[in-house]
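# Reading the structure
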Amino acid sequence: AAAGIYTVRVTLNDGQTETSQEMTVAVNEAGAGQDQTAFTISKMQVKLVFTASGKDALSLSGTIPIPVGFTPSGKVVRAMIGGLDDAITLNAKGQGAANNASLKLSGKAKKGVFTASPAKFQYKIGKRTLLESLQRFGFANDNFPNGVRVSVQVVFTIDGVIYVRDALLTYK
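In this report, the structure presented in the accompanying data block is examined. Nothing here was measured: the structure is a model prediction, and the numbers come from that model. Counting restarts for each chain: residues are numbered from 1 in the order of the written sequence. For a predicted model such as this one, the threshold for reporting local features is a pLDDT of at least 70, and the threshold for listing and counting side-chain atom pairs is 80 or more; totals across whole chains, interfaces and linings nevertheless cover every residue. As a rule here, side-chain values come from all non-hydrogen atoms in the structure, and water together with hydrogens is ignored.

### Remarks on the overall build of the protein chain
Selection criterion: Only DSSP runs of H or I with at least four residues qualify as helices, and only runs of E with at least two residues qualify as strands; both kinds are numbered from the N terminus onward. For every residue, the accessible area obtained with a 1.4 Å probe (protein chains only) is divided by the maximum for its type, and the residue is called buried under 20%, exposed over 50%, and partly exposed between those limits. Any two residues whose heavy atoms approach within 4.5 Å are treated as being in contact. The method behind every accessible area is Shrake-Rupley, applied with a 1.4 Å probe, and residues are considered shielded solely by the protein chains displayed.
The helix and strand inventory of the protein chain stands at one helix and 13 strands. Each helix and strand of the protein chain, ordered N terminal to C terminal, gives the series β-β-β-β-β-β-β-β-β-β-β-α-β-β. Sorting the 172 residues of the protein chain into buried and exposed places 33% on the buried side. Summarising the internal contacts of the protein chain: among those between residues at least 6 apart in sequence, 54% fall at separations of at least 24. When the accessible surface of the protein chain is summed, it comes to about 10,000 Å², and 48% of that surface belongs to carbon and sulfur atoms.

Okay, here's the thing in structure tokens:
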């Protein structure tokens, strides 16, 4: 397949029951990118406010294996989480914001060029309504008991390289 981000629907049928699930699959150019295991999500939180729209929030942080020599100025980062899809243009310091979302890359850099990998990242969304975009992962306006787990796929595209990681969230 050509490089890009694809939505795949998997359907299982045992002759009596059928179940389907959608997932995102990322295909990079041959030889593109860094070690995908260096893309980590160390913390993720989702706050859903069901009594008012435009009050939800999401934050995540971790590391991403940007290449040594990466110059962030003017680069567009695409962040996809469920049905959320943001494009954020970075400045020379590796920071950017758009549509109530912000991204900050930090790490060893000299004169606007990253000199080591991986870089740390912080991604935040605020003042938006997020439930509809996250429902396919199991989020719902419902009373779940503490401890229910939901797996969320996170996809970042930076400078043409696609990074994918699943994050496990626990209802509290």
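### Regarding the packing of aromatic side chains
We count it as follows: The rule is short: rings of Phe, Tyr and Trp, with Trp giving its six-membered ring, pair when the centres are within 6.5 Å, and they are stacked under 30 degrees, edge-to-face over 60, tilted in between.
Taken as a whole and assessed by the stated rule, the structure comprises six aromatic pairs. Where Phe 39 meets Phe 121, the ring centres are 6.0 Å apart and the plane angle is 40°; that geometry is what we call tilted. In this pair, Phe 39 is assigned in the loop between strand S2 (18-27) and strand S3 (40-47) and Phe 121 in strand S11 (residues 119-128), connecting sequence segments 82 residues apart. Using a relative accessible area of 0% as the deciding quantity, one classes Phe 39 as buried. Arranged with centres 5.7 Å apart and planes meeting at 35°, the rings of Phe 39 and Phe 156 form a pair that is tilted. Taken together, the residues Phe 39 in the loop between S2 and S3 and Phe 156 in strand S12 (residues 149-158) connect sequence positions 117 residues apart.

### Structural notes on the sheet that holds strand S6 (residues 84-89)
Going by this rule: Whether two strands pair depends on DSSP finding at least two bridges between them. The axes are straight lines fitted to the C-alpha atoms, using for helices just the contacting stretch, and the angles between their N-to-C directions are given from 0 to 180°.
Taken in spatial order, the four strands line up as S6-S5-S12-S13 in an open sheet, and their pairing is antiparallel. Both outer strands of the open sheet, S6 and strand S13 (161-170), are each paired with one neighbouring strand and no more. Recorded for the sheet is a direction-independent mean angle of 20° between the axes of neighbouring strands. Bridge analysis of strand S5 (residues 76-81) against S12 gives five bridges, and the strand direction is antiparallel. Following the sheet pairing, Arg 78 is matched in S12 by Thr 157.

### Overview of the pairing of S6
Along S6, the buried face is formed by Leu 84, Asp 86 and Ile 88; none of Asp 85, Ala 87 and Thr 89, which line the opposite face, is buried. Looking at chain direction, S5 and S6 are connected through six bridges and run antiparallel. The residue bridging Arg 78 from the neighbouring strand is Ala 87, located in S6. Once S5 ends, the chain turns through two residues before running back antiparallel as S6, passing Gly 82 with a positive phi of about 60°.

### Description of the sheet that holds S3
One open sheet holds the five strands; their spatial order is S3-S4-S11-S8-S7, and the pairing between them is antiparallel. Each of the sheet's edge strands pairs with one partner strand only, and the pair in question is S3 and strand S7 (95-98). When strand polarity is set aside, the average angle formed by the axes of neighbouring strands in this sheet is 10°. When S7 meets strand S8 (residues 101-106), the two strands line up antiparallel, connected through four bridges. From the neighbouring strand, Gly 96 faces S8, where its bridge partner is Leu 103.

### Points about the environment of Glu 132
Within the secondary structure, Glu 132 is located in helix H1 (residues 131-134). Expressed as a C-alpha distance, the spacing of Glu 132 and Gly 82, which sit 50 residues apart in the sequence, is 9.3 Å.

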